[in-house]
Amino acid sequence: TPLKLNSVLRRGAFRADVEAAVRVMDERWGTAGRSVVLVNDPRTVFSAPFATLTNLRDALDEVAAAMDPDEDVAMVHLSSQVDADGALDVRLPPLELLPLTPELLRSAFDAAGIRYRVVVVSACRAGAFLDELADDDTAVIVASASDRDAPGCAPGREGVAFGDAFFRQGMATSAGIADAFDVARQSVADAERGVPGAAASDPRLRVGPGI
């Protein structure tokens, strides 16, 4: 059974996206007891570790130590706003935490020695993560292209629509990542058609032959 890490970077507005993903992965894919949640939210400062780069690295290191590197898979789900430079914004005012760039995430995986990776980025303008992280042993799913917003990015929304569709509609019922992506992409396309003038967010998937 693959060992999966649901390591979630998020702010308060993305709580629903995160909680749905964890429930689906634990219940449908058997990751209960093997999921780690990192969260930046004033309501959880005493109940969940902060979503910092240091904590992400530590979590990946501990998971890697328990993995069979030739068999097991680590999944990381990221859900947050994206700043002007394309990095995930993980601030928790008054704390000014280091944004998570695609390069920093790749470095954390590499340092931990995790070979097989699945990365899901539920964020607007997330295409840079696909370009940086995709390789032969990695599957990368992003909610939108680098120059596109995604349904659910507006302030006050409970997470990005793609993340909800990928996990609660896709991974909850599908046989695997590619099928779940197709379900989520269609769901988002249907939602976008219902919004006059909305540009297609263009969710993307790249699966390496090794994964």
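Since we're looking at a predicted model, the values are computed, not measured.

**Considering the side chain of Thr138**
Part 1: By the element assignment, Thr138 lies in strand β5 (residues 138-142).
Part 2: Engagement of the side chain of Thr138 in a polar contact is seen with the side chain of Asp135, the distance being 2.7 Å.
Part 3: Residue contacts for Thr138: discarding those within four places in its chain leaves Arg117, Leu133, Arg206, Val207, Gly208 and Ile211.

**Comments concerning the nonpolar core**
Part 1: Ranked by size, the top nonpolar core spans 29 residues in total, and within it Leu60, Leu78, Leu105, Phe109, Ile114, Val121 and Phe129 carry the most contacts.
Part 2: At the level of secondary structure, the elements contributing two or more residues to this core comprise α2 (53-66), β1 (74-79), α3 (102-112), β4 (117-122), α4 (127-133) and β5.
Part 3: When residues of this core are assigned to their parent elements, the largest contribution, five residues, is made by α2.
Part 4: Once you skip the residues sitting within four places of it in the chain, Phe129 turns out to touch Leu78, Gly86, Leu88, Leu100, Thr101, Pro102, Leu105, Val121, Ala134, Val140 and Val142.

**Brief notes about unusual backbone geometry**
Trans peptide bonds make up the majority, and among non-glycine residues the majority have a negative phi.
Part 1: The phi angle at Asp202 is positive, at roughly 60°, despite the residue not being glycine.
Part 2: You can see Asp202 is positioned in the loop between α6 (177-193) and β6 (204-207).
Part 3: The partly exposed category is assigned to Asp202, whose relative accessible area is 30%.

Quick notes on the rules
Every chain is numbered independently, its residues counted from 1 as its sequence is written. Reporting of local features is limited, given that this is a predicted model, to residues whose pLDDT is at least 70; pairs of side-chain atoms are given and counted only at 80 or more, and all residues count toward the totals for whole chains, interfaces and linings. Think of the side-chain values as coming from all heavy atoms in the structure, minus any hydrogens and water. Going along the chain from the N terminus, every DSSP run of H or I of four or more residues is numbered as a helix, and every run of E of two or more is numbered as a strand. Between N or O atoms, a polar contact is any pair within 3.5 Å; within protein, one atom must be a potential hydrogen donor and the other a potential acceptor, and residues adjacent in sequence are included only when both atoms are from side chains. Whether two residues are in contact is decided by their heavy atoms: any pair within 4.5 Å suffices. Among the buried residues, those of types Ala, Val, Leu, Ile, Met, Phe, Trp, Tyr and Cys that are joined through side-chain atoms within 4.5 Å form a nonpolar core. Note on exposure labels: buried denotes an accessible area under 20% of the residue type's maximum, exposed denotes more than 50%, and partly exposed covers the range between, all computed with a 1.4 Å probe on protein chains only.

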